[in-house]
Amino acid sequence: MMLLSLGAVAQEADSTAAGPRKNSRLMNQLHRVQNYLDSAAKRKVDPRFIEVPDRPWRVIMRYNESMVNVDYENQLDFPELKEYSEWKLRFKPPVASSVGLWVGYRGTGISYSYSLSKNAGRNFSISTTGAKYGFNFRLRRFSMDDVDFSGADYIDGKKQAEISLHGQLDAPVLIRSVYANGYYVLNGRRYSQAAAYNQSVIQRRSAGSLLLGATWYQSSMDLSDPKNAPFVIASKATGLIKIHQANIGVGYGFNWVPFRGFVVNAMAMPTLSVYNRVKVYKYDFNYMLDFESEPRDDYGEWNRETHLWANGERYKPMGRYDEWLNEVECWESDQSTSYGRLQLNIDVRLGIAYNWSRYFAGMQLQMNRFSYKQDATKVTVIDAWGRFSLGVRL
């Protein structure tokens, strides 16, 4: 029994001693990985132009603002009268503000943001930057009924009247956008895009580089609520548009270093859409765009199965008043997919950063413009954001 007890004690002592040895081996392996990553980061750059800080960890406080402008243009034709009307809706949701915390190692990390804005929709973004690459992803979703409206009437090609006003639609329009962008830096040893955007490295001397980029953009604009019938009918029954674009481009970025620790970056990249897919959903209504006719009471009840009024008519004039808002209904009547022509878009960025001791501060701006045109329908989206950051290296 004593031998068994001694054996058990010896076994427990061995297992207790094995714990620290295993932990020590794990820590050594982690240190080797960290040393390899640090050495690789320094080998990839020219130390005369780019400094890789010895402290690899960073904690950053960020204040972000993002905005989206959407212009929707169309034309309503009256060929028998040689007349047509051009009109535009402009959607400008409130600027989305948020504060967040970013924690990461070198150029990669995670962040969390808290929204400070109301009625600004949902906004999500991630990004990562290395010595020779960068990647950005943004998701925006919002609904809005507050719009600017402008229009003009033409007869025989001559403008007869125009109108411009600010108001509210009878139902909100739902807009979604997804943006993903990646780029490759040809002169990555001397030029760093990251120096001005996430401060993972420090630009020591002025330098520039050509950039190769690719962008995926998709968005949708949904006006198909029955109460938006006047605009859908005037858009040749188009109630929902889904756009998918793949773009490639060549741009140029430059870092200007007027004194140690301070850098100003400017980058512009024109892109050409090599893939431009548009899906259009058509809708029909039980009312027609006629505000001049006097109201009639012989239409009876609307039959949802036959899509006819009781008197056999398909469409009822909207009339001069808003009673139609209580009875209007719509249904999807058709859909089509087309592949549009090449579109020229642009990606513009501006960044400023200052480094001192273990601390750094930065300000970044980015703007993207996308457009789509088919027949008389034109959609232009301007997506932009600005950010101020203050961080420390650990």
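The structure displayed is predicted, hence computed values, not measured ones.

Peer 1: Mind showing me how you'd approach the pattern of salt bridges here?
Peer 2: Side-chain pairing between opposite charges can occur once the charged atoms of the two side chains come close. The tally for this structure, following the rule as stated, stands at 10 salt bridges. Note that Arg 48 is salt-bridged to Asp 46, the shortest N-O span being 2.8 Å. A relative accessible area of 45% places Arg 48 in the partly exposed class. Given a relative accessible area of 8%, Asp 46 falls into the buried group. The salt bridge involving Asp 383 is made with Arg 138; its shortest N-O contact spans 3.4 Å. On the criterion of sequence distance, the pair formed by Asp 383 in strand E20 (residues 377-393) and Arg 138 in strand E7 (residues 133-155) is long-range, its members being 245 residues apart. Among the residues examined, Arg 138 registers a relative accessible area of 9% and is labelled buried.

Peer 1: What am I meant to see in the environment of Ala 234 here?
Peer 2: In this fold, Ala 234 is placed in helix H3 (residues 229-234). Expressed as a C-alpha distance, the spacing of Ala 234 and Gln 75, which sit 159 residues apart in the sequence, is 7.3 Å.

Peer 1: How should the confidence of the model for the protein be read in this particular structure?
Peer 2: Low pLDDT means the predicted atomic positions in that stretch should not be read closely. Of the residues in the protein, 88% have a pLDDT of 70 or more, and the chain-wide mean is 83. Taken element by element, the predicted model of the protein shows its lowest mean pLDDT in helix H1 (residues 2-43) (57) and its highest in strand E9 (residues 202-203) (94). Low pLDDT, under 50, characterises residues 1-13; the predicted model gives this stretch zero contacts beyond four residues in sequence or across chains.

Peer 1: It is not clear to me how a negative patch on the surface should be interpreted in this structure. Could you clarify?
Peer 2: A surface patch of like charges, here negative, comprises Asp 170, Asp 225, Asp 322 and Glu 323. Mapping Asp 170 onto the fold places it in strand E8 (residues 158-185). When its relative accessible area of 47% is taken as the criterion, Asp 170 is described as partly exposed.

Peer 1: Before we go on, may I ask you to explain the side chain of Thr 271 in this structure?
Peer 2: Within the secondary structure, Thr 271 is located in strand E12 (residues 262-285). Given the relative accessible area of 5%, Thr 271 is considered buried. Discounting chain neighbours no more than four positions away, the residues touching Thr 271 are Asn 247, Ile 248, Gly 249, Gln 343, Leu 344, Asn 345 and Ile 346.

Peer 1: Before we go on, may I ask you to explain the pairing of E7 in this structure?
Peer 2: Regular strands place their side chains on alternate faces of the sheet. Two elements, strand E3 (residues 83-91) and E7, share nine bridges in a ladder whose sense is antiparallel. Paired with Glu 86 across the bridge in E7 is Ala 152. Across 22 bridges, the pairing between E7 and E8 is antiparallel. Each residue of the ladder has a partner; that of Ser 150, found in E8, is Ser 164. Taking the residues that link successive antiparallel strands as the turn, the E7-E8 hairpin has two residues, and the phi of Asp 156 there is positive, at about 55 degrees.

Peer 1: I tried to follow the packing of aromatic side chains on my own but got confused; where do I start?
Peer 2: How two aromatic rings sit relative to each other is given by the distance of their centres and the angle of their planes. Under the defined criterion, the tally for this structure stands at 15 aromatic pairs. With centroids separated by 5.0 Å and ring planes inclined at 65 degrees, the aromatic side chains of Trp 57 and Tyr 105 adopt a geometry described as edge-to-face. Of this pair, Trp 57 sits in strand E2 (residues 57-78) while Tyr 105 sits in strand E4 (residues 96-105), and the two are 48 residues apart along the sequence. By relative accessible area, which is 15% here, Tyr 105 ends up buried. A ring pair is formed by Trp 216 and Tyr 275, whose centres lie 6.2 Å apart and whose planes are at 20 degrees; its orientation type is stacked. Of this pair, Trp 216 sits in strand E10 (residues 207-222) while Tyr 275 is found in strand E12, placing the two residues 59 residues apart along the sequence. For Tyr 275, a relative accessible area of 31% puts it in the partly exposed group. Feature note: the residues Phe 259, Phe 262, Tyr 354, Trp 356 and Tyr 359 constitute an aromatic cluster, connected by ring pairs. Across the ring face of Phe 49, the terminal group of Arg 205 is positioned such that the distance to the ring centre comes to 4.7 Å. We note Lys 316 situated over the ring of Trp 309; from NZ or CZ to the ring centre the distance is 4.9 Å.

Peer 1: Looking at this structure, I do not really get unusual backbone geometry. What am I missing?
Peer 2: For residues that are not glycine, phi is negative in most cases, and the peptide bond is trans in most cases. Although it is not a glycine, Gln 199 adopts a positive phi angle of roughly 55 degrees. Among the structural elements, Gln 199 can be located in the loop between helix H2 (194-197) and E9. With phi around 55 degrees, His 307 is a residue other than glycine that occupies positive phi space. Topologically, His 307 is positioned in the loop between strand E14 (302-303) and strand E15 (308-309). A residue is classified by how much of its surface remains accessible, and His 307, at 22% relative accessible area, is partly exposed.

Peer 1: Hey, could you run me through a nonpolar patch on the surface in this one?
Peer 2: Together, Tyr 63, Val 99, Tyr 112, Tyr 114, Leu 116, Phe 259, Tyr 354, Trp 356, Tyr 359, Met 363, Phe 388 and Leu 390 make up an exposed nonpolar region whose accessible area comes to about 1,200 Å². Looking at the element boundaries, Tyr 354 is found in strand E18 (residues 344-356). The class of Tyr 354 is partly exposed, set by a relative accessible area of 34%.

What counts as what
- Throughout this document, residue positions are counted from 1 along each chain, in the order its sequence is written.
- Reporting in this predicted model follows two pLDDT cut-offs: at least 70 for local features of residues, and 80 or more for side-chain atom pairs to be given and counted; totals over whole chains, interfaces and linings ignore these cut-offs and use all residues.
- Side-chain numbers here rest on the full set of heavy atoms in the structure, without hydrogens or water.
- Should a side-chain nitrogen of Lys or Arg be within 4 Å of a carboxyl oxygen of Asp or Glu, the pair is scored as a salt bridge.
- Whether a residue is buried, partly exposed or exposed follows from its accessible area with a 1.4 Å probe, protein chains only, as a fraction of its type maximum: under 20%, in between, or over 50%, in that order.
- We count a stretch as a helix when DSSP gives it H or I for four or more residues in a row; a strand needs E for two or more, and each element gets its number in order from the N terminus.
- The pLDDT value tells you how sure the predictor is about a given residue, anywhere from 0 up to 100.
- Contact criterion: two residues are considered in contact whenever any of their non-hydrogen atoms come within 4.5 Å of each other.
- Patches in this entry comprise residues that are over 30% relatively accessible and not in a salt bridge; like charges within 9 Å are linked, as are nonpolar side chains (Val, Leu, Ile, Met, Phe, Trp, Tyr) within 5 Å.
- Residue exposure ignores everything except the shown protein chains as possible cover, and the areas themselves are Shrake-Rupley values with a 1.4 Å probe.
- A positive count includes Lys and Arg, and a negative count includes Asp and Glu. His and the chain ends are not counted in either.
- Positions of charges follow a simple convention, taking NZ of Lys, CZ of Arg, CG of Asp or CD of Glu.
- Two strands make a pair as long as DSSP finds a minimum of two bridges between them.
- Two rings belonging to Phe, Tyr or Trp (six-membered ring only in the last case) form a pair when the distance between their centres is within 6.5 Å. Interplanar angles under 30 degrees mark stacking, angles over 60 mark edge-to-face geometry, and anything in between is tilted.
- Distance and angle both matter: a charge sits over a ring if NZ of Lys or CZ of Arg is within 6 Å of the ring centre and within 35 degrees of the ring normal.

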